[in-house]
Amino acid sequence: MGSVVEEISNGGGHSVVDVESKAGFGGGIVDVYGEDCATEDQVLTPWTASVASGYTLLRDPHYNKGLAFTEKERDAHYLRGLLPPTVLTQELQEKKLMQNLRQYEVPLHRYIAMMDLQERNEGLFYKLLIDNVEELLPVVYTPTVGEACQKYGSIFRHPQGLYISLKEKGKILEVLKNWPDRGIQVIVVTDGERILGLGDLGCQGMGIPVGKLSLYTALGGVPPSACLPITIDVGTNNEKLLNDEFYIGIKQRRATGQEYAELLEEFMTAVKQNYGEKVLVQVEVFPILHFEDFANHNAFELLAKYSKTHLVFNDDIQGTASVVLAGLIASLKLLGGTLADHTFLFLGAGEAGTGIAELIALEISKKTGAPLEKARKKIWLVDSKGLIVKSRLGSLQHFKQPWAHDHEPIKELVDAVKKPLILALSNPTSQAECTAEEAYTWTKGRAIFGSGSPFDPVKYENKLLVPGQANNAYIFPGFGLGLIMAGAIRVHDDMLLAASEALATQVSEEHYAKGMIYPPFTNIRKISANIAAKVAAKVYELGLASNLPRPKDLVKYAESCMYSPRYRSYR
Ligand SMILES: NC(=O)C1=CN([C@@H]2O[C@H](COP(=O)(O)OP(=O)(O)OC[C@H]3O[C@@H](n4cnc5c(N)ncnc54)[C@H](OP(=O)(O)O)[C@@H]3O)[C@@H](O)[C@H]2O)C=CC1
Ligand SMILES: CC(=O)C(=O)O
Ligand SMILES: [Mg+2]
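Residues numbered from 1 in each chain as written. Chains lettered and ligands numbered in written order. Predicted model: local features only at pLDDT ≥ 70, side-chain atom pairs only at ≥ 80, totals over all residues. Heavy atoms only, no water.

An unreviewed UniProt entry annotates the chain as Malic enzyme of Malus baccata. In its Sequence similarities (unreviewed entry) section, the UniProt entry covering the chain states "Belongs to the malic enzymes family." (UniProt positions renumbered as here; feature names shortened; annotations may be inferred.)

Set out below in structure tokens:
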């Protein structure tokens, strides 16, 4: 290595040290970091080399290849001696890691091993996730990510993502600038108040943006360096966490009202300031702001407010709606009729329930020409207080009000059980409305079943029934890729409908024969490319694209944009 001259600040003073020629303390050991000459109460500057080679290269997850560095790379990048002599291919590394992972019996241990891998060697992490998607999705995503968030403080090892707490009020733009990557295309943000079906997990909700973004990359091909997980910490009302000595967030009850709104406003403005880019006169593009797992009393309002000024997408409302609509469109092949011929009943009338209901009504209205209000009459919702009906109108939250119909005979509810399509959407598995086995047993094998978290196939009277995973993970990665490809400036409901139709058309006769209404996740990158192409086409059609001219073959273009986890060669 050439002569390195660095500035070291210690004890408040400033000195320039030639680290190669100057002998350090204790028999020639160079005190490169200035640690030996500073006492505990003296300050020093934690400087670091900026070129990734040698030891630094091995500790940089974006570039590290572990034992896969070739002989030539080991010479060129000062790695000799820092690695054992053997050179392994990425495939062999993958084989070894999968063997190791399978030895962990506790799912949380697999999760921790995967997170360690992501922090150590990003390329290998994504190679594992892409090649073993059905096996590893339940590890990095639901259900295991739920347990990880509950225990996030105790298992915390490396900080992932960006934390913006009330302490950063007035400084959010500076905080955004601390993130090392500049070309951010997707931000997944949570405030941790409704983490899956587990409630308020405060700052520990960070596991969710991290997990969702790993799916943007693995399932949708968005490069990892374009992804930014953010947790907004306004406190928590979870007493257990407030009393937990390992809790990683600020220990106070949640800020609400004006204090909350001001922090969110500052954040949204800072995102525009930091990432906004003028591409045409009057047209500014900025990253997708994907809202995740906010409580419904904030989620609907934030979506309505910022969808006019930002590229905002709420996955729990819009992504879930799109995936469920896709399942319904596909299930018509098995159930018969059109959407308008059916009556829908939801247990739960929050973000997921009313989001899905609204998109179904929109699709029915578009297909039949009926007014939206009339289409809504086909849909019934139940909340914790029972069926939503007109007589409850005065006390209903605003997002439930469109579903308050005149009460009709209970007959339809019974009908719904005769030819049942059951989607037990709640996550994680512990919160599921029913298991696959229960659904098949109660209906004597007639049910078409899908669930938010995966269930194994069930043998019922010699027939193998395969439950689908009705999870927004089918939609948001491809949806996001489509928005990015087209340089979308706003999200529009028609893009969600396009995504649903694209997903529904991927279900083959072979899948239907097994009772499936979603294609398996094994082909998810191909599915995502198709969704992305249809979404991008809609963005162009609506005049909301900034990436001009429009590529001719959008599927090919989507595939060409997708990140590959293959190791690159270093010169
Ligand atoms: N599969 C997927 O892709 C997705 C799954 N989900 C899951 O769906 C679940 C709900 O999410 P979300 O809609 O955002 O949450 P919300 O908090 O917005 O809504 C929950 C709804 O469930 C109702 N509810 C709660 N308990 C009962 C009960 N015992 N009987 C009847 N209704 C009840 C609540 O009633 P009330 O309004 O009266 O309080 C509320 O309407 C979560 O478990 C989440 O993880 C969410 C998004 C995507
Ligand atoms: C899947 C999801 O987004 C949820 O359960 O909240
Ligand atoms: Mg969610």
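Back to the write-up after that little detour.
(A) Looking closely at the sheet that holds strand β12 (residues 386-387). Taking strand neighbours across the sheet as the criterion, the 3 strands line up as β10-β11-β12 in an open arrangement whose pairing is mixed. Only two strands of the sheet have a single partner each, and these edge strands are β10 (344-347) and β12. Two strands pair when backbone bridges link them, and strand β11 (residues 379-383) and β12 are joined in this way by 2 bridges, in the antiparallel orientation. Of the residues in β12, the one forming a bridge with Asp-383 is Gly-386. (Pairing = 2+ DSSP bridges. Helix = DSSP H or I, 4+ residues; strand = E, 2+ residues; numbered from the N terminus.)

(B) Representation of the site of ligand 1. As a matter of local geometry, ligand 1 sits amid 23 residues, with Arg-194, Asn-296, Ala-349, Ser-384 and Lys-400 nearest to it. Between ligand 1 and Asp-383 there is a distance of 3.5 Å, counted from a nitrogen atom to a backbone nitrogen or oxygen. The separation between an oxygen atom of ligand 1 and a polar side-chain atom of Ser-384 is 2.5 Å. In the complex, 74% of the free accessible area of ligand 1, which totals 930 Å², lies under the protein chains. Counting residues per element, the ones that place at least two in the shell around ligand 1 are α15 (315-335), α16 (351-368) and β11. Tallied by class, residues from the shell around ligand 1 come to 7 nonpolar, 11 polar and 5 charged. Both domain 1 (153-310) and domain 2 (317-471) contribute no fewer than three residues apiece to the shell around ligand 1. (Near = heavy atom within 4 Å. Polar contact = N/O pair within 3.5 Å; in protein donor to acceptor, adjacent residues only side chain to side chain. Areas by Shrake-Rupley, 256 points an atom, 1.4 Å probe, with all protein chains shown as cover. Nonpolar A, V, L, I, M, F, W, Y, C, P; charged D, E, K, R; others polar. Domains from an automatic or database assignment.)

(C) Expanded view of the site of ligand 2. The immediate surroundings of ligand 2 are formed by Tyr-141, Arg-194, Leu-196, Lys-212, Glu-292, Asp-293, Asp-316, Asn-427, Asn-471 and Asn-472. Taking Lys-212, its side chain carries an N or O atom lying 3.0 Å from an oxygen atom of ligand 2. Asn-427 places a side-chain nitrogen or oxygen 2.7 Å from an oxygen atom of ligand 2. For ligand 2, whose unbound accessible area comes to 220 Å², protein coverage reaches 90%.

(D) Region of interest: the UniProt feature "binding site: (S)-malate" (unreviewed entry) in the chain. In the numbering adopted here, UniProt assigns the feature "binding site: (S)-malate" (unreviewed entry) to Arg-194, Asn-427 and Asn-471. Considering the arrangement of structural elements, one finds Arg-194 in the loop between β4 (186-190) and α11 (207-218). Contact partners of Arg-194, with chain neighbours within four places excluded, come to Gly-199, Asp-293, Phe-294, Ala-295, Asp-316 and Glu-351. One polar contact links Arg-194 to Asp-293, side chain to side chain, over a distance of 3.0 Å. On the secondary structure map, Asn-471 appears in the loop between β17 (468-469) and α20 (476-486). When residues no more than four places from it in sequence are discounted, the contact partners of Asn-471 are Tyr-141, Thr-142, Val-323, Asn-427 and Gly-452. (Contact = heavy atoms within 4.5 Å.)

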